[in-house]
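Structural features, examined
Spelled out, the chains give:
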Amino acid sequence: MRKAIYPGSFDPVTKGHIDMIERSAKLVDELVVGVLNNSAKNSLFLVEERVSMLKELTTHLTNVTIDSFDGLLVDYAKRIHATIIVRGLRAVTDFEYELQIAQTNHKVYSDIETIFLTTRLEYAYLSSTMVKEFASYGGDISHFVPSQIIERIYAKYGITS
């Protein structure tokens, strides 16, 4: 059985994230979307909120589960018996960083392989940081995030639309 993990902070989840989840789910028997609980980061959404949003947005994918984790991704992958890590690449600049992480993870856990999926062209520019920047000024984020979560993002900034 091919079990993969697609890790990230998903703060907030974007249309690019959902696209990567849907495409990854077609490649494996089971896909775990691992929401990183990084207490050192000042997140817009609590980890429980991010997990809840992802669950809501992936109900149509029967082989996808949403979970959260702390610590090293490779340790989490071992714990859940995943042998594949899925990472998205938006640009060439992402590759160098991701390659180093993939090689390090493989050194620590030789059963783990990393596969890279390039993002679709329409999402190549998209990042959660950019979404937060637009939202903080009341900008239109409907092109960037699923409609179900737009109001939740604005609410974090005290903006009503």
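For the structure itself, consult the block above.
Note that this is a predicted model, so its numbers are computed, not measured.

What counts, and at which threshold
- Residues numbered from 1 in each chain as written.
- Predicted model: local features only at pLDDT ≥ 70, side-chain atom pairs only at ≥ 80, totals over all residues.
- Heavy atoms only, no water.
- Pairing = 2+ DSSP bridges.
- Helix = DSSP H or I, 4+ residues; strand = E, 2+ residues; numbered from the N terminus.
- Axes fitted to C-alpha atoms, helices over the stretch in contact; angles between N-to-C directions.
- Contact = heavy atoms within 4.5 Å.
- Salt bridge = Lys/Arg side-chain N within 4 Å of Asp/Glu carboxyl O.
- Buried < 20%, exposed > 50% of the residue type's maximum accessible area, 1.4 Å probe, protein only.
- Core = buried A, V, L, I, M, F, W, Y, C linked by side-chain atoms within 4.5 Å.

This brings us to the sheet that holds strand β3 (residues 64-69). The strand order across the open sheet formed by five strands is β3-β2-β1-β4-β5, and the pairing between neighbours is parallel. Since the sheet does not close on itself, it has two edges, and those belong to β3 and β5 (113-118), each with one partner. The sheet shows a mean angle of 30 degrees between the axes of neighbouring strands, direction not considered. With six bridges joining them, strand β4 (residues 84-89) and β5 adopt parallel strand pairing. Bridging across to β5, R87 finds its partner in F116. Along the sheet, helix α2 (residues 47-57) makes contact with β2 (30-36) and β3, crossing β2 at roughly 150 degrees.

Oppositely charged side chains can pair when the atoms bearing their charge come close. Under the criterion given, the structure shown has nine salt bridges. As a salt-bridge pair, E49 and K156 come within 3.1 Å of each other at their nearest N and O atoms. With a gap of 107 residues between them, E49 in helix α2 and K156 in helix α6 (residues 150-156) connect regions that are remote in the sequence. When its relative accessible area of 27% is taken as the criterion, E49 is described as partly exposed. Two residues, E98 and R87, come together in a salt bridge whose shortest N-O distance is 2.8 Å. Of this pair, E98 sits in helix α4 (residues 92-108) while R87 sits in strand β4, placing them 11 residues apart in sequence. Linked by salt bridges that have partners in common, D19, R23 and R120 make up one network.

Here we come to the nonpolar core. I21, L31, L54, I141 and I153 are the most contacted members of the largest nonpolar core, which totals 37 residues. Residue assignment for this core shows that the elements contributing at least two residues are β1 (3-8), α1 (15-25), β2, α2, β3, β4, α5 (128-136) and α6. Sort the elements by how many residues they give to this core and α2 lands first, with five residues. Those residues in contact with L54 that lie beyond four places of it in its chain are F10, V13, I18, I21, V33, V35 and I66.

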